[in-house]
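Analysis of the macromolecular model
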Amino acid sequence: MVKEEKPAMAKKLTRDMENYLVFKKYPEEVRPHIYTTNPVESINAGLEDMRNRMGGFWGSMKALEVNMFIQFANLQSLWDRKPMANVRAKL
């Protein structure tokens, strides 16, 4: 068990549990749309997905730059949109 193997980590998780489970306060229909509030994580996840679709590597620095631009543009478009219908219904 984590408590016995890593007592400091278990103590921190127990102390901060409310912060980690805050998404549970939202209706179930909204929860699948809550991924992260960290834009950096979102950008990294998108770039990783693109890299995997390109065969697992970037062919060149230019390919990486182009895909980074596409990722930023896609995310900007996504963030500019109005909330999704089931999220909007629960506001």
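You'll find the structure just up there.
Residues numbered from 1 in each chain as written. Predicted model: local features only at pLDDT ≥ 70, side-chain atom pairs only at ≥ 80, totals over all residues. Heavy atoms only, no water.

**Focus on the environment of Val 87**
As for its placement among the helices and strands, Val 87 is situated in helix α6 (residues 85–90). Along the backbone, Val 87 and His 33 are 54 residues apart, and their C-alpha atoms lie at a distance of 8.0 Å. Ignoring any residue separated from it by four or fewer positions in sequence, one finds Val 87 in contact with Val 30 and His 33. (Helix = DSSP H or I, 4+ residues; strand = E, 2+ residues; numbered from the N terminus. Contact = heavy atoms within 4.5 Å.)

**Some remarks on the environment of Ile 34**
Relative to the assigned elements, Ile 34 resides in the loop between α3 (17–20) and α4 (39–53). Since its relative accessible area comes to 37%, Ile 34 is described here as partly exposed. In this structure, the C-alpha to C-alpha distance between Ile 34 and Phe 23, residues 11 residues apart in sequence, is 7.6 Å. For Ile 34, the residues in contact, after removing those within four places along its chain, are Phe 23 and Tyr 26. (Buried < 20%, exposed > 50% of the residue type's maximum accessible area, 1.4 Å probe, protein only.)

**Quick notes on the pattern of salt bridges**
Applying the stated criterion across every chain, the model contains four salt bridges. Among the ionic pairs, Lys 12 bridges to Asp 16, the shortest N-O distance being 2.9 Å. Between Asp 49 and Arg 53 there is a salt bridge; the shortest N-O distance is 3.2 Å. Here Asp 49 pairs with Arg 53, and both are found in helix α4, just four residues apart, close to one helical turn. Residue Asp 49 is classed as partly exposed on the basis of its relative accessible area, which comes to 40%. Beyond isolated ion pairs, a larger network of salt bridges with shared partners links Lys 12, Arg 15 and Asp 16. (Salt bridge = Lys/Arg side-chain N within 4 Å of Asp/Glu carboxyl O.)

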